[in-house]
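# Per-entry structural report
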Amino acid sequence: MSPAAAQYPDAPTFEYKVAVTYNVKRGALIPGTTISFAGKSDSGAELKGVSGYAFRRLGDSIGWQGQLRANTYLDMTLRVIAYTNDFLQLGGLATIGLTE
């Protein structure tokens, strides 16, 4: 199963919080999400697969909630650390929830 947007459960059976950093190449997906990095523009780093405004600048947030596989959910909030036309560097917190 590929990641899919879904509501994070209110009370998962187990929950883990992990600090994460990602270097995402142009055209690649942010790990565990359906969001991809399209490259740099005058408006900032362009993202595909987000709802609303598609551009982020340094320090801006990217949020995503979804299901990674059966009974496994992800709630992730990331900040833009750096970007060029070739890569996007992100850091933040991933919360993984497991249900029965």
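Residues numbered from 1 in each chain as written. Predicted model: local features only at pLDDT ≥ 70, side-chain atom pairs only at ≥ 80, totals over all residues. Heavy atoms only, no water.

## Digging into the sheet that holds strand β2 (residues 14-25)
- Sheet architecture is open: five strands sit in the order β1-β6-β7-β8-β2, paired in antiparallel fashion. Edge positions in the open sheet fall to β1 (4-5) and β2, since each of these has one partner strand only.
- The sheet contact formed by strand β7 (residues 72-83) and strand β8 (residues 87-98) spans eleven bridges and is antiparallel. By the bridge assignment for β8, Val80 is matched with Leu90. (Pairing = 2+ DSSP bridges. Helix = DSSP H or I, 4+ residues; strand = E, 2+ residues; numbered from the N terminus.)

## Regarding the environment of Glu15
- Positionally, Glu15 belongs in strand β2.
- Judged by its relative accessible area of 41%, Glu15 is partly exposed.
- In sequence terms Glu15 and Leu90 are 75 residues apart; their C-alpha atoms lie 22 Å from each other.
- Filtering out sequence-adjacent residues up to four positions away, Glu15 remains in contact with Tyr8, Thr95, Ile96 and Gly97.
- Separated by 2.8 Å, the side chains of Glu15 and Tyr8 make a polar contact. (Buried < 20%, exposed > 50% of the residue type's maximum accessible area, 1.4 Å probe, protein only. Contact = heavy atoms within 4.5 Å. Polar contact = N/O pair within 3.5 Å; in protein donor to acceptor, adjacent residues only side chain to side chain.)

## Focus: the pairing of strand β3 (residues 36-41)
- Alignment of β3 against strand β4 (residues 44-48), held across five bridges, turns out to be antiparallel. Within β4, the residue paired with Gly39 across the bridge is Glu46.
- In sequence, β3 turns back onto β4 through a hairpin of two residues.

## Re the side chain of Ser36
- Following the sequence through the fold, Ser36 ends up in strand β3.
- Owing to a relative accessible area of 15%, Ser36 belongs among the buried residues under this scheme.
- In this structure, Ser36 is in contact with Ala28, Leu29, Glu46, Leu47 and Lys48, ignoring residues within four places of it in sequence.

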